[in-house]
Amino acid sequence: MGKMEAGRRRRVIVERLVAAVLDLGEAGPLVAFLEDLHWTDDLTLDVLARAARRLGTTPLVIWATFRTDELAPSTPMRRWRADLLARRDAIEIAVPRLTRDEVAAMTAVMIGDSLPAPAILVARLLERTDGVPLYIEELLSASSSAAIADARVPDTLADAVIQRAAHLTHDARDVANAAAVIGRSFTLPLLTRATTLDPDRVLNAIDELRDRHFARSVQGTHAFDFRHALIRDALYEALPLGTRIAIHRRVADTIRESGVDGRERALAWHLEQAGDLEEASGFAVKAAQMARGLSSHREAASLYQQALRTLPPGNDRRRARLLAEYGRELVATDENVAAAEVLSQARALLLVGGDRVEAAELVPTIVAARHLQGDDIDKRARLLRDALTDVDPAGEAARAPRARILAGLAAAYMLDRQLEEAERHGDEALVVSRAVGDELTEINVIATLGVVHVFAGRMDAGWALFEESLERARVAQYEAEAARTFRMVGSCASVLVEYERGEHWLREGIAYAERVELWNHRHYMAAHLAHVLWATGRLEEAEGVAKRALADGREGITTRITALYVLGYIHLERGELSAATALLDEALAAAGTMRELQRVSPPLWGLAEVALAKSDTGQALHLCRRARAESERVGDAAYLFPFLTTGTRALIAGGDMKGAREWAADVGGMIARRAIPGTLPAVAHASGLIAAAERRSALARRLLTEALEGWRSRRRVRSAREAERDLAKGVARPAGWAPLTAREFEVAQFVAIGLTNGQIADRLVLAPRTVASHVEHILAKIGAARRAEVAAWITRREREASREGVGSSAKG
């Protein structure tokens, strides 16, 4: 009777609660939210199940959330959920883990950066959280971005995991703890040895861990892993130190006895944690060498760091060599500050030990890392020359190191565009490297000389050297040299208005650098690809690529400068002058520390264009003259071509026609003498601007048409648009050009340069139908049957007007 009474009372309570729930909808449509349903009791579940059956007649929606990893087989909610779905009284929406792009978007919002989240940070977050939003939020809130990979599990998450683990059976807890020591993934033999349990008990414990959503099977294998890396981390951190060490030692013994390939990394880790440091260091070195051979440079760097951490004191020579290897891997992963410091430590140890030649061999790599932090040419050249002094007395044994140092000097002067110095040192390095059979250095020098040739205007020879360097590097599997050559040919083509060539090699080079994990090369090429995309008119794509390069290549100053000025150009193109100025100023400030022409000139030009857009012709001219002085300092002209037209416009706008002619003759002469094909349209463009300003219409039209055709052939969209505008508006309409009206003459100019009716409509903000009507009137008035005759008619009238102008001037 007592049980019946209790049952009746429960039914009454349930019915009253159901009625109360349904009454919520009487005031109007309502959504009720219930959080963490996995923790609820039987009574609440019963109320919700009965309410669900009657919701169809009530303007009420109940939205309940629960975590599937909390639903053990015996949990009441598991049966309740199945019954509810079977009756179709509810709809279940499974929320998937975040994708890589979604993790990136969430991370960018949380770190409050206007740039995309760095790819390495996103990768580390995915590795540790498996895309669970709660875990991402907690980890980002508790750790700095740089420390995500090694950050402790936030207390909020660790406590939740430990509380869940407290409900496991004794065997399941032992297996979970052993698995946490083994790592993210684990196998039955390792677990059996690590726990000392028999295999059947281990299997039963694994089943329990799977049911409780701690672990899962790895599809297609006999292995298991934790559902989330943070579950493993929380269990590991909670283990008593003694227990942890004992399990690590048992696991290490089992792995060592297995004899399987690729066990070195696991052995290094378990031996270190067990306290066997010297043996751990040896295995870490072997694992690092294997990782480097597989182009896994981040893994290799981590393993060399472990080898150094576990290396016993007293062997400075071995430590120096490990530091050198570690530093080279840091360069590959674009961690240049750390790389320069580590390599300098290695060099100092070698010098103390009296090994000056081996110490000198590190200098080119140190200089490369220092360059990416902004060291100027004087500092870098001084380091390299000091290294030459160290190897010169060593005679025959030092010839190979000498070749590498000379190659470093050639590269340093090439980067500063001191082409004669670069070529001199490069030629010497080539002779020595060939004599000693150092193919890697020879390939490096060939790529450097390729840059020298193309910037000296010897285009065919330069492109051929790049192709030779790239082919030989790929055949010999010199990954760093192949990536460097991709970088050199792509960036040179980007700068020298060889955009099709540049885009081809940059895209291929980016893919290659990603495959071999050479991240500085990848990010730098991405920044130059953004430049190509801007120059060829693809602004949205350019902006995305530049922002990604800026986010990922934060430690590489050359990447940062390039991405900044490209973003500045994009804002300039959109007329967003304040944003453009801020970005270009930042690029110029960073470039100022390096004092390299190729870093300084591009932001200077952007700022000159901003000044011109603001009608500040004095500032525009000042910046153009500064750029000319920078080019003259190193005897280069390749970066001057945009300043030629910008400076000419500034002088014309300021009314200084004599100055404009002198500027065009001076800078145009420098560009013409260097004769780099992609830069030559600027010479005709500047001269055409002057002719137009002086009302020499026929000459202006010829020169501006030549410039327009040159820019179009090079796909330089902005300059082509300027040339079109100059043709349409820069050539004045002489008085009395009957029978055309002013508007018809304007349309006729566009027809003469080959624009379609739609293109003319875009430029004049007219309807295409209106333009078509104007074209019909023009053809009728001048007696022409085809559009091609319009250009001839305009040219003939310009000549007549020009002769009339000369005659009246002579009479005057």
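Per-chain numbering applies: the sequence of each chain, read as written, is numbered from 1 onward. Owing to the predicted nature of the model, reporting of local features is limited to residues with pLDDT of at least 70; listing and counting of side-chain atom pairs is limited to 80 or more, with chain, interface and lining totals taken over all residues. As a rule here, side-chain values cover all heavy atoms of the structure and leave hydrogens and water aside.

*Asks:* I'd like a rundown of the environment of Val-47, residues and numbers included.
*Replies:* Strands here mean DSSP runs of E at least two residues long; helices mean DSSP runs of H or I at least four residues long; both are numbered from the N terminus. Here Val-47 shows up in helix α2 (residues 42–53). Through-space distance from the C-alpha of Val-47 to that of Ala-19 is 9.5 Å; in sequence the pair is 28 residues apart.

*Asks:* Mind laying out helix α3 (residues 76–86), listing which residues take part and the relevant values?
*Replies:* Relative accessible area decides the class of each residue, using a 1.4 Å probe on protein chains only: under 20% of the type maximum gives buried, over 50% gives exposed, and in between gives partly exposed. Taken together, the buried positions of α3 are occupied by Met-77, Trp-80 and Leu-84. Here the buried residues of α3 occupy an arc of 60° about the axis, which is enough to place them on one side. Facing away from the buried side of α3, by more than 90 degrees, are the exposed residues Arg-79 and Ala-86. Residues of α3 that are buried make contact with α2. One or two positions beyond α3, positive phi appears at Arg-88, with a value near 60°. The directions considered for the arc are those from the helix axis to the C-beta atoms. Working rule for contacts: check all heavy atoms of both residues, and any pair within 4.5 Å makes them a contact.

*Asks:* I'd like a rundown of the packing of helix α9 (residues 188–195) against helix α12 (residues 241–258), residues and numbers included.
*Replies:* Fitted lines through C-alpha atoms give the axes, limited to the stretch in contact for helices. The angle between two N-to-C directions lies from 0 to 180 degrees. Their axes nearest at 9 Å, the elements α9 and α12 cross at an angle of 135°. Comparing the axis directions of α9 and α12 gives the class oblique. Here the hand of the crossing between α9 and α12 comes out right-handed. Within the contact between the two elements, α9 uses Leu-190, Arg-193 and Ala-194 and α12 uses Ile-247, Arg-250, Val-251, Asp-253, Thr-254, Ile-255 and Glu-257. Gly falls in the polar group here, along with every residue not listed as nonpolar (Ala, Val, Leu, Ile, Met, Phe, Trp, Tyr, Cys, Pro) or charged (Asp, Glu, Lys, Arg). Taken together, the residues of the contact of α9 with α12 sort by class into five nonpolar, one polar and four charged. Relative orientations are named as follows: roughly parallel for angles under 35 degrees, roughly antiparallel for angles over 145 degrees, roughly perpendicular for angles from 65 to 115 degrees, and oblique for any other angle. Helix crossings fall into two classes, left-handed where the near helix is turned counterclockwise from the far one by less than a right angle and right-handed where it is turned clockwise.

*Asks:* Just give me the short version of helix α10 (residues 199–211), but keep the residues and values in it.
*Replies:* A helix is expected to span 1.5 Å multiplied by its residue count minus one. Over its 13 residues, α10 extends 18 Å from the first C-alpha to the last, a length consistent with the 18 Å expected when each residue adds 1.5 Å. Turning to α10, its buried residues number three or more, namely Val-202, Ala-205, Ile-206, Glu-208 and Leu-209. Buried residues along α10 cover an arc of 160° about the axis, so they all sit on one side. Among the exposed residues of α10, those oriented more than 90 degrees off its buried face are Asp-200 and Asn-204. Summarising the contacts, the buried residues of α10 are in contact with α8 (170–182), α9, β4 (215–217) and β5 (223–226). For α10, the side-chain oxygen to backbone nitrogen distance between the N-cap and Asp-200 is 3.1 Å, and the N-cap itself is Asp-198. Just downstream of α10 lies His-213, where phi reads positive at about 65°. Under this definition, polar contacts are N or O atom pairs within 3.5 Å; protein pairs additionally need one hydrogen-donor-capable and one acceptor-capable atom, and for neighbouring residues in sequence, both atoms have to be side-chain atoms.

*Asks:* Describe the packing of aromatic side chains, naming the residues involved and giving the relevant values.
*Replies:* Working definition: a ring pair exists when centres of Phe, Tyr or Trp rings (six-membered ring for Trp) sit within 6.5 Å. Plane angles under 30 degrees give stacked, over 60 give edge-to-face, the rest tilted. Per the stated rule, a full pass over the model turns up 11 aromatic pairs. Here the aromatic rings of Phe-455 and Tyr-639 are separated by 5.7 Å at their centres, their planes lie at 15°, and the arrangement is stacked. Placement of Phe-455 in helix α23 (residues 439–455) and of Tyr-639 in the loop between α32 (617–634) and α33 (641–653) is noted, with a sequence separation of 184 residues between them. Note on Tyr-639: relative accessible area 6%, which makes it buried. What links up through ring pairs into an aromatic cluster is the set Trp-534, Tyr-565, Tyr-569 and Trp-605. Remark: a charge is flagged as sitting over a ring if the NZ atom of Lys or the CZ atom of Arg is within 6 Å of the ring centre and within 35 degrees of the ring normal. Of note, Arg-164 hangs over the ring of Phe-214, and the distance from its end group to the ring centre comes to 4.4 Å. Lying across the ring of Trp-463, Arg-501 places its NZ or CZ 4.2 Å from the centre.

*Asks:* Mind laying out the confidence of the model for the chain, listing which residues take part and the relevant values?
*Replies:* pLDDT is a residue-level measure of predictor confidence that goes from 0 to 100. Confidence in the prediction for the chain averages 85 pLDDT; 90% of positions are at 70 or higher. The weakest mean pLDDT in the chain belongs to helix α41 (residues 788–811) at 62; the strongest belongs to α33 at 95. Contacts for the low-pLDDT stretch residues 805–812, under 50 throughout, to residues beyond four places or in other chains number zero contacts.

*Asks:* Outline the environment of Ile-247, supporting the account with residue identities and numerical values.
*Replies:* The residue Ile-247 is located in helix α12 in this model. Along the primary structure Ile-247 and Ile-182 are separated by 65 residues, whereas in three dimensions their C-alpha atoms are 8.3 Å apart. With near-sequence residues (within four places) excluded, Ile-247 lies in contact with Ala-178, Val-181 and Ala-194.

*Asks:* How would you summarise a nonpolar patch on the surface if you had to cite specific residues and measurements?
*Replies:* Together, Val-31, Phe-33, Val-61, Trp-63, Ile-91 and Ile-93 make up an exposed nonpolar region whose accessible area comes to about 690 Å². Elements represented by at least two residues in the nonpolar patch include exactly β1 (30–34) and β2 (60–64). For Val-31, the location among the structural elements is in strand β1. For Val-31, a relative accessible area of 43% gives the class partly exposed. Patch membership is restricted to residues that have no salt bridge and whose relative accessible area is over 30%. Joining uses 9 Å for like charges and 5 Å for the nonpolar side chains Val, Leu, Ile, Met, Phe, Trp and Tyr. The method behind every accessible area is Shrake-Rupley, applied with a 1.4 Å probe, and residues are considered shielded solely by the protein chains displayed. The working definition used for a salt bridge is a side-chain nitrogen of Lys or Arg within 4 Å of a carboxyl oxygen of Asp or Glu.

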